[in-house]
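For reference, the chains in residue letters:
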Amino acid sequence: MVFRGTITNAPDFDPSADAENLYNAMKGMGSDKEAILDLVTSRSNAQRQEIITAYKCSFGKDLIEDLKYELTGNFERLIVSLMRTPAYHDAKEIHDAVKGAGTNERCLIEVLASRNNKQTHEMVAAYKDAYGRDIEEDIIADTSGHFKKMLVVLLQGTRDESGVVDADLVEQDAQELYAAGEEQFGTDEAKFIMILGNRSMTHLNMVFDAYEKIAEVSIEDSIKSELSGDFERLMLAVVQCIRSVPMFFAKRLYKSMKGLGTADNTLIRIMISRSEIDMLDIREFFRLRYEKSLYNMIKDDTSGDYKRTLLNLCGGDDDLAGEFFPEAAQIAYKMWELSSMAKVQLRPTIRPASGFDPAADAQALRKAMKGFGTDEDAIIDIVAQRSNVQRQEIRQAFKSLLGRDLMKDLKSELSKNLERLIIGLMLTPAEFDAKMMRKAMEGAGTDEHALIEILVTRSNEEIHAMNAAYQDAYKKSLEEAIQSETSGHFCRILVSLVQGAREEGPVDMERAHADAQELADACNADSDDMEMKFMSILCTRSFPHLRKVLQEFVRYTNKDIEQIIKKEMSGDVKNAFYAIVRSVKSQPSYFADRLYKAMKGLGTDDRALIRIMVSRSEVDLFNVRKEFKETHDVSLHEFIQGDTSGDYRKTLLVLCGGED
């Protein structure tokens, strides 16, 4: 096994000298924290064990107890944890996860899904030695159901590590997983547990490829649709670790630091446990997936000696557009391949109401708005639980039966965000998109993000309908409006997209290779030529074709196109190309990210929130919800609940369609 850690054995190591330096750093009033952290983070774990022994021999004291006494807070937890052996550190993490009233299921999942057989056996022995208890019994007492069964399987540390692959068994396992889930009503969880808990990583990677050909969805998507709760999270973690342990930890680190507050226990546990194994790869995958280096995220999210210690373990900042390490390049290539193979079933949250009666709905809406006061609940219950086609029938029935304009009545009775949301739902998709484009361009400033989001994610048919609706409503072409409000390469990109002329055919393999080579060559051209070449390909080729192009781009350049766009381009041009690449990779993931940005931090971008919730509710909002939970570790429902209020919140939650 090739170790790609950031912490290695210190040369010319002298445990007695180190023990004395630590003793002096803690002697007298106060302690020299810099001396402590610099010494501890520049020694391997094996060397730290020798220092502990030398400290006791020289001074008759327990080094760990002295460190606990002298240090405080997260810094103390980090330094003390670094002094434990990996097995005893893992044992303590598991013990802390199951002791007391609640259980930290995420810690159990992370540790047990990611350790190899040897690490697992050593942890089991360390637990018994440290606590005089059986780790399996403690986990069984604290968990239940299929989640418990899979944890017990992983605790045995009996995964096949021979590396031998039987092609017939690969096909058989793929068929059995398919039969246990996608093919039948209900799920045979025991089959998932047996195969995912015991087969070798090499074997399972081949099983996942075979499974995708049979099921036409990835194993991850099947797990998300077939399983739930902690068991779903555990099985996804196992799959992620089988695909790439460093990528799994990169995701865990990101989730530990994003948003308000830091999950310091998770951050400490991962930075310690991977510092001598694969921290270099984790850094690379972090850079591949997120918008900043791991080093900079730690720097922005922590402080003081705690921060300095973590940065020492991280080992350095990564140039954003540097080349991939070999394994990271293979994973990046594989990610695009999975993206191009996956046939994701798009699922809405709003469907046509059964027993629909437009006349009755029209009368009920009139009643809700007649007289003194307005019955907002009645309006929400009708409007938010009908499909858009049904809402158009209600609009017509309202005029035919009552001689009134439903839109005008709603505008006069409702106000602020609730009015904007309800009116948005009552418009046809084309009218709504046209209105959103108009709002993005009217007044003093232009909302470039809204223009990008709409034009990048709509089909040719939707763009043509929006163009017609814009002309009808505002007596001006949308293209003219864009040209008068934007300029330069950004204007050209939007004008190209607003034609609604993106190719719609399948992948042309020969052309995909040629396109990838052209993009690679363009990276060495001046910025104007580079942007024009990117536009000629990214704005015109079909999404399936672009997935193959961007996959081959990794092969030709050993770089990630998202990072190149971020580093070589700027402003709205950068944002537009980045949005195209994100949408090509996964449109639900792109929208999940847009929703997160609309609500995180102080203040809410209500226009973006309304625009996405309305426009995706009958297309793929269920998929967006799943991506939101997967990426941000919190449900979309929960985010909306905490960020909005009143009837506006109630309507958004109806559109959201449930808690994950």
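Residues numbered from 1 in each chain as written. Predicted model: local features only at pLDDT ≥ 70, side-chain atom pairs only at ≥ 80, totals over all residues. Heavy atoms only, no water.

What follows concerns the overall build of the chain. Tallying secondary structure elements over the chain gives 41 helices and zero strands in all. Whereas a compact globule of 660 residues would reach a radius of gyration of roughly 26 Å, the chain reaches 28 Å, a difference of no more than 12%. Structurally, the chain occupies a C-alpha span of about 95 × 65 × 60 Å along its principal axes. Evaluated residue by residue, the chain yields a buried proportion of 53% over its 660 residues. (Helix = DSSP H or I, 4+ residues; strand = E, 2+ residues; numbered from the N terminus. Rg over C-alpha atoms; globule rule 2.2 N^0.38 Å. Buried < 20%, exposed > 50% of the residue type's maximum accessible area, 1.4 Å probe, protein only.)

Let's shift gears to the pattern of salt bridges. Tallied over the entire structure, the rule returns 38 salt bridges. For the salt bridge of Asp96 with Lys99, the shortest nitrogen-to-oxygen distance reads 3.6 Å. Linking Lys533 and Glu518 is a salt bridge whose minimum nitrogen-to-oxygen distance equals 2.5 Å. Of the two residues, Lys533 sits in helix 33 (residues 527-538) while Glu518 sits in helix 32 (residues 509-522), which places them 15 residues apart along the sequence. Three or more residues are tied together by salt bridges with common partners; here these are Glu93, Glu110, Arg252 and Arg269. (Salt bridge = Lys/Arg side-chain N within 4 Å of Asp/Glu carboxyl O.)

A word on the packing of helix 6 (residues 86-98) against helix 9 (residues 135-142). Orientation of helix 6 relative to helix 9, taken along the N-to-C sense of each, is 30°, at an axis distance of 10 Å. Viewed along their axes, helix 6 and helix 9 adopt a mutual orientation that is roughly parallel. Every pair of crossing elements has a handedness; the one defined by helix 6 and helix 9 is left-handed. Mapping the contact onto sequence places Ile94, Ala97 and Val98 in helix 6 and Ile135, Asp138, Ile139 and Asp142 in helix 9. Partitioning the contact of helix 6 with helix 9 into residue classes produces five nonpolar, no polar and two charged. (Axes fitted to C-alpha atoms, helices over the stretch in contact; angles between N-to-C directions. Parallel < 35°, antiparallel > 145°, perpendicular 65-115°, else oblique. Left-handed = near helix turned anticlockwise from the far one by under 90°. Contact = heavy atoms within 4.5 Å. Nonpolar A, V, L, I, M, F, W, Y, C, P; charged D, E, K, R; others polar.)

Turning our eyes to something else, we now look at the nonpolar core. One finds Leu196, Met271, Leu294, Met437, Phe534, Phe577 and Met613 to be the most contacted residues of the largest nonpolar core, which totals 207 residues. The greatest single-element share of this core, amounting to nine residues, is contributed by helix 15 (residues 229-243). Look past the residues within four positions of Leu294 in its chain and what remains in contact with it is Leu253, Met257, Met271, Met279, Ile282, Arg283, Phe286 and Cys314. (Core = buried A, V, L, I, M, F, W, Y, C linked by side-chain atoms within 4.5 Å.)

So, about the environment of Ile193. Along the polypeptide, Ile193 turns up in helix 12 (residues 189-198). Residue class for Ile193 comes out buried when judged on its relative accessible area of 7%. Considering only alpha carbons, one finds Ile193 and Leu151, 42 residues apart in sequence, at a separation of 9.5 Å. With residues near it in sequence (within four places) discarded, Ile193 still touches His146, Lys149, Met150, Val153, Asn198, Phe231 and Met235.

A few words now on helix 23 (residues 376-383). Buried within helix 23 are the following residues: Ile379, Ile380, Ile382 and Val383. Buried residues along helix 23 sit against helix 22 (358-369), helix 24 (388-402), helix 25 (406-413), helix 26 (416-426) and helix 41 (646-656).

All right, on to unusual backbone geometry then. Note: most peptide bonds trans; most residues except glycine with negative phi. Backbone geometry places Glu216, a non-glycine residue, at a positive phi of 60°. Within the secondary structure layout, Glu216 lies in the loop between helix 13 (201-215) and helix 14 (219-226). Residues other than glycine seldom take positive phi values, yet Lys416 does so here, at roughly 55°. Since its relative accessible area comes to 65%, Lys416 is described here as exposed.

Relative to the helices and strands, Thr309 resides in helix 20 (residues 304-314). A relative accessible area of 0% means that Thr309 is categorised as buried. Residues within four places of Thr309 in sequence aside, it is in contact with Leu37, Thr41, Phe75, Leu78, Ile79 and Leu82.

The next thing to look at is the state of the cysteines. For the structure shown, the criterion picks out zero disulfides. Considering cysteine sulfurs only, Cys241 is the nearest to Cys107, which forms no disulfide, with 13 Å between them. Accessibility expressed as a relative area gives 2% for Cys107, which makes it buried. (Disulfide = S-S within 2.5 Å.)

Time to look at the environment of Ser218. Of note, Ser218 is situated in the loop between helix 13 and helix 14. Assessed through its relative accessible area of 9%, Ser218 is described here as buried. Considered as a pair, Ser218 and Phe208 are 10 residues apart in the sequence and their alpha carbons are 7.3 Å apart. The contact partners of Ser218, leaving out residues within four places of it in the chain, are Tyr211 and Glu212.

Before going further, it helps to examine the packing of aromatic side chains. Enumeration over the complete set of coordinates arrives at 13 aromatic pairs. Here a set of aromatic residues connected by ring pairs shows up, and it is made of Tyr23, Tyr55 and Phe59. The ring centre of Phe622 lies 3.9 Å from the NZ or CZ of Arg347, which sits over that ring. (Phe/Tyr/Trp six-rings, centres within 6.5 Å; stacked < 30°, edge-to-face > 60°. Lys NZ or Arg CZ within 6 Å of the ring centre and 35° of its normal.)

Once that is clear, we can look at the packing of helix 16 (residues 245-257) against helix 19 (residues 294-301). Running from N to C, helix 16 and helix 19 cross one another at 20°; their axes reach a closest spacing of 10 Å. It follows that helix 16 is roughly parallel to helix 19 by the angle criterion. When you trace helix 16 past helix 19, the crossing you get is left-handed. On the side of helix 16, the interface is formed by Leu253, Tyr254 and Met257, while helix 19 contributes Leu294, Met297, Ile298 and Asp301. Residues belonging to the contact of helix 16 with helix 19 are distributed by class as follows: six nonpolar, no polar and one charged.

Turning to the environment of Gln156, a few remarks are in order. Within the fold, Gln156 resides in the loop between helix 10 (145-155) and helix 11 (167-180). Sequence spacing of Gln156 and Glu136 is 20 residues, and the spatial spacing of their C-alpha atoms is 9.0 Å. Ignoring any residue separated from it by four or fewer positions in sequence, one finds Gln156 in contact with His121 and Glu136.

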